[in-house]
Amino acid sequence: MLEHLTKETFKEKVFNFELNKEWKYEGSKPCLIDFYADWCGPCKMVAPILDELQAEYGDSLHIYKVNTEDQQELAGMFGVQSIPSLLFVPVDGQPQMAMGALPKATFEQAIAEVLKVEKPA
């Protein structure tokens, strides 16, 4: 089961935007954040893919979910206008946002290229 982030857990695990003006990732492993809403059809299509990816990649990355209805401040901070929006956060470097319901192969490619995480054998 993927972890749902609130403003408080987001500050602990991803980025403490109240302390830092510049991007500073707080995590030790790369992560992928799914900005979604319960009423969003494409979000429901992405959800099982993210569950599969978390199972397949295991401890090599975190996959988090942010409900844009509950966490409007987080969604606004990243300029989320359409959902699903997926934020790929490498340990070093800037995060990259992707929009829309992506196929699994596209997730795997972005995880390899942006997050520099190879799928375990």
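A quick note: this is a predicted structure, and the numbers were derived from the prediction, not measured.

**Points about the state of the cysteines**
A full pass over the atoms with the stated rule returns one disulfide. Between the sulfur atoms of Cys-40 and its disulfide mate Cys-43 the distance is 2.3 Å. Classification of the bridge connecting Cys-40 and Cys-43 rests on its S-S torsion, roughly 80°, and on that basis the disulfide is right-handed. Of the two residues examined, Cys-40 and Cys-43, each falls in the buried class. The cysteine Cys-31 is free of any disulfide, with Cys-43 supplying the nearest cysteine sulfur at 18 Å. Judged by its relative accessible area of 0%, Cys-31 falls in the buried class.

**Structural notes on helix α2 (residues 41-57)**
For α2, which comprises 17 residues, the first-to-last C-alpha distance of 25 Å matches the rise-based estimate of 24 Å (1.5 Å per residue) to within 8%. Looking at α2, one finds that the buried residues are Cys-43, Val-46, Ile-49, Leu-50, Leu-53 and Tyr-57. Backbone geometry just downstream of α2 places Gly-58 in the positive-phi region, at approximately 55°.

Criteria and cut-off values
- Residues numbered from 1 in each chain as written.
- Predicted model: local features only at pLDDT ≥ 70, side-chain atom pairs only at ≥ 80, totals over all residues.
- Heavy atoms only, no water.
- Disulfide = S-S within 2.5 Å.
- Buried < 20%, exposed > 50% of the residue type's maximum accessible area, 1.4 Å probe, protein only.
- Helix = DSSP H or I, 4+ residues; strand = E, 2+ residues; numbered from the N terminus.
- Expected span 1.5 Å × (residues − 1).

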